Structures are given as C-alpha cells and as structure tokens.
Amino acid sequence: MASTVFRSLQSFPFCLHPTTLFRRKNGIFYCTIKGKHSQTATQEKQTSNVKVSSRPAIKTLDKILKDYEAIIGIETHVQLSTLTKAFCNCPYNYGSPPNTSVCPVCMGLPGALPVLNSKVIDSAIKVGLALNCKLSLNSKFDRKQYFYPDLPKGYQISQFDIPIATGGFIDLDLPVEFGGGHRRFGITRVHMEEDAGKLLHSDSGSYSQETTFLNLFCSRTFMLIVDLNRAGVPLLEIVSEPDMRNGIEAAEYAAELQRLVRYLGVGNGNMQEGSLRCDVNISIRPIVIRFLLKLVLEIFYAVHVKFVILGQLILKYQGRCNFIVKAKVMKLYRKLVYGKKKTVTMRKKEGLADYRYFPEPDLPGVILTDEYVKDIHNSLPELPEIKRRRYEKMGLSMQDVLFLANDINVAKYFDATIAKGADVKLAANWIMGDIAAYMKNEKLTIDEIKLTPQELAELIASIKAGTISGKIGKEILFELLAKGGTVKGIIEEKDLVQAIDPAEIEKMVDKVLLDNPKQLEQYRGGKTKLQGYFAGQVMKASKGKANPGLLNKILLEKLNAKSS
C-alpha cells in the first residue's frame, strides 16, 4: 500500500488547444507549438468576445484516447545510508551547511584518487538479490562524461555495460481501494554510482547561512549556490522494464521500492530529502482494449520527476505530423516544488546525450565470490512480499495485510505481539484502529509509543478471558500508550476487574428497573429499543465493570419475565 506521500496521486485530462501540445490549467506543464498562422496577443484580445465551447474538443479527444495506452518505466535512484561517501571518508548528513562535508576527492581536485567503500557493494548485492536479479560476479566502474555546475569532476563514476545486477522482478499488491490485484514488474538492471552535488536557488538574491561557497553566481534578483556536500554520496540506480500502464501502478511500484530499501536497511527512502528519487518515463501507443488516458503530469507527490512524453497522438490529430520527430526526441527535465504541488522546468535535451563511457582507470574491478554472495543472501530479512503472503495465510484480509506490512516497524510490532500469544485478528484490529489513531494524533511512530507488544498481548488476553470489558480495555490502552506501565498493575490499582457474578449483576439490574418505572412501562408498551438505555444505566452503576454479555442476558430475562 502506498504511503501517504503517494496517496496525493492525481490524474488530469489533456486539454486540446490550437497552439498547445499539452496544457495544464494550473501551469504544471507546458509544451507550446506555434505555427506561422498563430495569433498575436492583440489578435487574441480582439477575438476574445467569441465564445467557443471546449466540451466538443474534450469529447473528441476522449474518443481518440480510448484507443491508446500509457507505457511507463521508472529509473529510481536510491541513496545508501553508509557512514561515509562512496569513494572518500567524508560523512554525509542531510541538512548540513553547504560545502562542510567535502574533501579533494569529492570536490574533484587534480591528483585525488577514489577508494571504494565496501558497504556500497554489500548494499548493491542485497538489493539485487531482493529484486530477484542475476548478479555479475565480475563487474567494473565506468566514467560517465557530462558537464553540469554541480558535477565538479566533469564526469560521474557509474556502471555502464556490466552492472552489478540484471534481469530481475518485483512483486506487489495494489491497494484494495484501487481495485486490488497482484502485479509483477520487471527490473532491467541495478548499478552503483555516485551522486552529484546540489544547486541551491535563492530568488531574493541573498542566502542566510554565512558559509564559503565553491561556486557563486549572483545578480540583484537571483543567486545560484553549488553545494557539494552530496557529491560522492553512494547511489543505486534501479531501472524498471516499461511494464506499468497507469499512475496507480507507477505509484505502487515506487512505494514498494521504498519499502524494500527500508526493510533491507540500505537506505531511509525519505523522498523529501532526496534519498529516493524517481525519473518517470512516459509514452503512449495504440491498443485494442479500451483505456482512457488521463495522466499523470504529477504521478508522485514530493518525487523528483523527469517527463519523457511522446506528442505524436495530438500532433497527428492536429495535422502537424512534421512536428512529430522533434517531439519524439525532446526530453523535458522537471522538478517538483515540494509543498506547492507543481513542477518547474529544469533543463531540456534534444537527441541522445553522448556520455562517452569508458572504464574507470582509478578503480579496480569488482569481483565477487559465491561464498560472499551466499553469506549476504542468508543475512537478508523477511522481505515485504514474503511477509504479505505469510500474513495472508494467517487469515487476515488484504487491507489488513497491506497496512501491517507497509511499515517494517509496524510489522515488527505486530509480529512481536502475536509471538506473545495474542489473537492475530484482534492484534491487527488494535494496531490498525486505536493505536494507529493515537500515533497520528500525537505525531508519533510505533517505536515512540510506551505500550510494549507484550502488554498489548496481555490486554487482548484480559479482554478475551473476560477479566475486563472492551470499554475498560480501551481506557487502559490509552493510559499505557501515554504513560506506560502494565495491564495487571493498572487493573489492580484502579480495581477494574470485570464483574462476572450473576447475583451481583442481577441486583444492579433490579435497582435500575425499580428506579426507572416510566421507561420500564414504555418498554413494555413496545419500545424495545429502551433495552439499550437500561443496559447503559447498569453499566454506569457498575462503573463499566459489568460483563456485557451476562448483563444483557439477565436484563432481557427480567424484562421478558415482567412483561409476560
């Protein structure tokens, strides 16, 4: 199940416009094509009084789009949680002042030589195995040549023709609210590389932190700062097959990768920090089955997105076939402005970039042994897909399964609770219900609450055994969540043991009936819903300790006996 960050997925229809390829009303994405017959602003103003309905155009477009489907593939960059960078000893801490975690190696100074961090290889093998890939026992690093302000060396150390892992797949379950179902998406390759730096933009022309910056381009209204703290941070690039057909599948694929890296412990997967970044490649093709394409210019909220869109469909419809070649090779790189739900253009490329790959001369090849790979394979934890299947075999619904397996810490808490003997379904209900609501309201994680799995199991057992009622159980639960303690200690301290003596409950029932003659007469007159009123009065008199089942049985017998 996708985390909240993915739940803001929205889809929008493309709107047809005489001079526009794709157009979004709120300005998210524009790709405008103007021909020689395009109107000027003055001409548009003069003809603004003419009212033209957009409904027929939209209907026509919908009719065309039903014969096409989306083809989506995703390139995902996973930042690894190693103590130091990939090829030097510099630490990386998100949010550090610019250029405070740099050295000659990650700054690309002449004569500085890289030394590979072995933890990067360990993480790559773990991810490759978890994605069911074939590992390359003999791989190498390559130089990827390109020039950008945040790439100090003028090249990136990556892997080209021999990646460390290839030919895998990932299994996932779609959320029930989106129709459910199982999906398998192919993985083309997984390779190791280093991250580039980061460009910091200031529209005010100033920057508050008093730090010396490596590069500074400044004017009165704009400042661009190159921060090299992130340069050299280890990445894994995971390239999928183009197997996704809509935004839901793409979002769930990214969410499953996020779960996977967190389960493996190789990265935190925090998208808002750039620890997991997705480049989404989208194209369209004709299909026979009906598919209404309303995609997708914003597939993930808070994801760094690259759009590769073919404009052939609408161009052909508008009779502009001469523009198809240009649109086909044009790549638009856009980034999402976090918190504003909009993207802005970063840069664009025409044609295929010439990266001029060649083997990295300053690093030896990466040679793995079968024994080394086997040891790492044996150390892998239970992965999300395996955990979901195990929970399913326990008899839990798919909704329960997806919730519990979504977060590794929630899954560990649930497993620890049922390991103490708690009923599986009851434990799931408590965690998904009151405990989840408490964590949401208090903005806490499950590791931060004071209720231990052992005490939750004890609470469930006490309710099931009839020692306390469900109502009392909830009161105890919230006290344990906030203050901690033990179930038995709170029960004894507050004298909360449930009243299960029939004679004691019968006395309370008789007193309530005697004190409420008017309501008793109404009940006997046919208002049988008043049984709930009497039960509530008995519960109030017992301070919530009366056993509900026994109470209702005795109350019903008394009412029927008197009315006969």
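For the structure itself, look to the data block above.
The text that follows walks through the structure, step by step, so that each part is easy to find. (Residues numbered from 1 in each chain as written. Predicted model: local features only at pLDDT ≥ 70, side-chain atom pairs only at ≥ 80, totals over all residues. Heavy atoms only, no water.)

### Focus on the nonpolar core
Membership of the largest hydrophobic core comes to 58 residues, with the highest contact counts inside it found for Leu131, Met192, Ile238 and Tyr253. When residues of this core are assigned to their parent elements, the largest contribution, 8 residues, is made by helix α5 (residues 247–264). Residue contacts for Ile238: discarding those within four places in its chain leaves Ile74, Glu75, Thr76, Val78, Val127, Leu131, Ile187, Arg189, Val190, Tyr253 and Leu257. (Core = buried A, V, L, I, M, F, W, Y, C linked by side-chain atoms within 4.5 Å. Buried < 20%, exposed > 50% of the residue type's maximum accessible area, 1.4 Å probe, protein only. Helix = DSSP H or I, 4+ residues; strand = E, 2+ residues; numbered from the N terminus. Contact = heavy atoms within 4.5 Å.)

### Describing the sheet that holds strand β18 (residues 358–359)
Pairing in this open sheet of 3 strands is antiparallel, and the strands run β7-β6-β18 from one edge to the other. Each of the sheet's edge strands pairs with one partner strand only, and the pair in question is β7 (155–158) and β18. Looking at chain direction, strand β6 (residues 142–145) and β18 are connected through 2 bridges and run antiparallel. By the bridge assignment, Arg143 is partnered in β18 with Phe358. (Pairing = 2+ DSSP bridges.)

### Looking at the packing of aromatic side chains
Counted by the stated rule, this structure contains 7 aromatic pairs. Note on Tyr533 and Phe534: the rings are 5.6 Å apart at their centroids and 65 degrees apart in plane angle, and the pair reads as edge-to-face. Note on Tyr533: relative accessible area 31%, which makes it partly exposed. According to the relative accessible area criterion, Phe534 is buried, its value standing at 0%. (Phe/Tyr/Trp six-rings, centres within 6.5 Å; stacked < 30°, edge-to-face > 60°.)

### Topic: the packing of α5 against helix α9 (residues 384–393)
Here α5 crosses α9 at 95 degrees, and the two axes come no closer than 10 Å. By the angle between their axes, α5 is roughly perpendicular relative to α9. Contacts between α5 and α9 involve Glu256, Arg259, Leu260 and Tyr263 on the former and, on the latter, Pro384, Glu385, Lys387 and Arg388. (Axes fitted to C-alpha atoms, helices over the stretch in contact; angles between N-to-C directions. Parallel < 35°, antiparallel > 145°, perpendicular 65-115°, else oblique.)

### Re the side chain of Asp400
Structurally, Asp400 is set in helix α10 (residues 398–406). When near neighbours in sequence (up to four residues on either side) are disregarded, Asp400 contacts Lys425 and Met432.

### Re empty space enclosed by the protein
Over the atoms rolls a probe the size of a water molecule, and its path tells where empty space is left. Tallied over the entire structure, the rule returns 3 cavities of 30 Å³ or more. Each pocket or cavity is described by its volume, and for the second largest cavity that value is around 40 Å³. Looking at the second largest cavity, the residues that line it are Cys106, Leu151, Pro152, Lys153, Tyr155, Glu194, Asp195, Ala196, Ala231 and Gly232. Grouping the constituent residues of the lining of the second largest cavity by class yields 6 nonpolar, 1 polar and 3 charged. (1 Å grid on protein atoms, 1.4 Å probe; cavity = no way out; pocket = protein on both sides within 12 Å on 5 of 7 lines; lining within 4 Å. Points joined across faces, edges and corners; volume = space filled by probe spheres on them. Nonpolar A, V, L, I, M, F, W, Y, C, P; charged D, E, K, R; others polar.)

### Thoughts on the pairing of β6
Neither face of β6 is exposed, since Asp142 and Lys144 on one face and Arg143 and Gln145 on the opposite face are all buried. As paired elements, β6 and β7 share 4 bridges and run antiparallel to each other. Residue pairing for β7: Arg143 is matched across the bridge by Ile157.

### A look at the sheet that holds strand β4 (residues 134–135)
Strand order in the open sheet made by the 6 strands is β4-β8-β9-β13-β3-β14, with antiparallel pairing throughout. The sheet is open, and its two edges are formed by β4 and β14 (276–286), each paired on a single side. Running at roughly 110 degrees to strand β8 (residues 165–173), α5 makes contact with β3 (68–79), β8, β9 (182–194), β13 (234–240) and β14 of the sheet.

### A closer look at the environment of Gln159
Mapping Gln159 onto the fold places it in the loop between β7 and β8. Gln159 sits 199 residues away from Phe358 along the chain, and the two C-alpha atoms are 9.5 Å apart. Apart from the residues within four sequence positions on either side, Gln159 is in contact with Ser139, Lys140, Phe141, Asp142, Ile164, Arg189, His191 and Met192. Among the polar contacts listed, one links the side chain of Gln159 to the backbone oxygen of Lys140, at a separation of 2.9 Å. A polar contact of 3.0 Å, which involves the side chain of Gln159, links it to the backbone nitrogen of Met192. (Polar contact = N/O pair within 3.5 Å; in protein donor to acceptor, adjacent residues only side chain to side chain.)

### What about the environment of Ala165?
Within the element layout of this structure, Ala165 appears in strand β8. In this structure, the C-alpha to C-alpha distance between Ala165 and Leu135, residues 30 residues apart in sequence, is 4.5 Å. Once you skip the residues sitting within four places of it in the chain, Ala165 turns out to touch Gly128, Cys133, Lys134, Leu135, Arg189 and Val190.

### Quick look at the side chain of Gln156
Tracing the sequence through the fold places Gln156 in strand β7. Of the residues examined, Gln156 reaches a relative accessible area of 6% and is grouped as buried. Polar contacts involving the side chain of Gln156 include one to the main-chain carbonyl oxygen of Glu194, which spans 2.6 Å. Ignoring sequence-local partners within four residues, the contact set of Gln156 consists of Asp142, Arg143, Lys144, Tyr146, Leu151, Glu193 and Glu194.

### Some remarks on the environment of Leu513
Within the secondary structure, Leu513 sits in helix α16 (residues 502–515). What Leu513 contacts, discounting residues up to four positions off in sequence, is Leu520, Phe534, Leu555, Lys558 and Leu559.

### Description of the packing of α16 against helix α18 (residues 530–541)
At a closest axis distance of 9 Å, the pairing of α16 and α18 adopts a crossing angle of 120 degrees. In terms of their interaxial angle, α16 and α18 are classed as oblique. Between α16 and α18 lies a crossing of right-handed hand. Residue-level inspection shows Met508, Val509, Val512 and Leu513 of α16 in contact with α18, the latter providing Phe534, Gln537, Val538 and Ala541. Taken together, the residues that form the contact of α16 with α18 break down as 7 nonpolar, 1 polar and no charged. (Left-handed = near helix turned anticlockwise from the far one by under 90°.)

### So, unusual backbone geometry
Phi at Arg356 is positive, roughly 50 degrees, even though this residue is not glycine. On the basis of relative accessibility, which here comes to 45%, the residue Arg356 falls in the partly exposed class. A positive phi angle, close to 55 degrees, is found at Lys443, a residue other than glycine. With respect to the element layout, Lys443 can be found in the loop between α12 (424–442) and α13 (453–464). With a relative accessible area of 72%, Lys443 lands in the exposed category.

### Let's talk about the pattern of salt bridges
Counting across every chain of the model gives 26 salt bridges. In this structure, the salt-bridge partner of Arg245 is Glu69, at a minimum N-O distance of 3.7 Å. Of this pair, Arg245 sits in the loop between β13 and α5 while Glu69 is found in strand β3, placing the two residues 176 residues apart along the sequence. Between Glu385 and Arg388 there is a salt bridge, with the nearest N and O atoms lying 2.8 Å from each other. Of this pair, Glu385 and Arg388 both sit in helix α9, separated by 3 residues, roughly a single helical turn. Of the residues examined, Arg388 reaches a relative accessible area of 2% and is grouped as buried. Through salt bridges with shared partners, one network takes in Asp173, Glu256, Arg259, Glu385, Arg388, Arg389 and Glu392. (Salt bridge = Lys/Arg side-chain N within 4 Å of Asp/Glu carboxyl O.)

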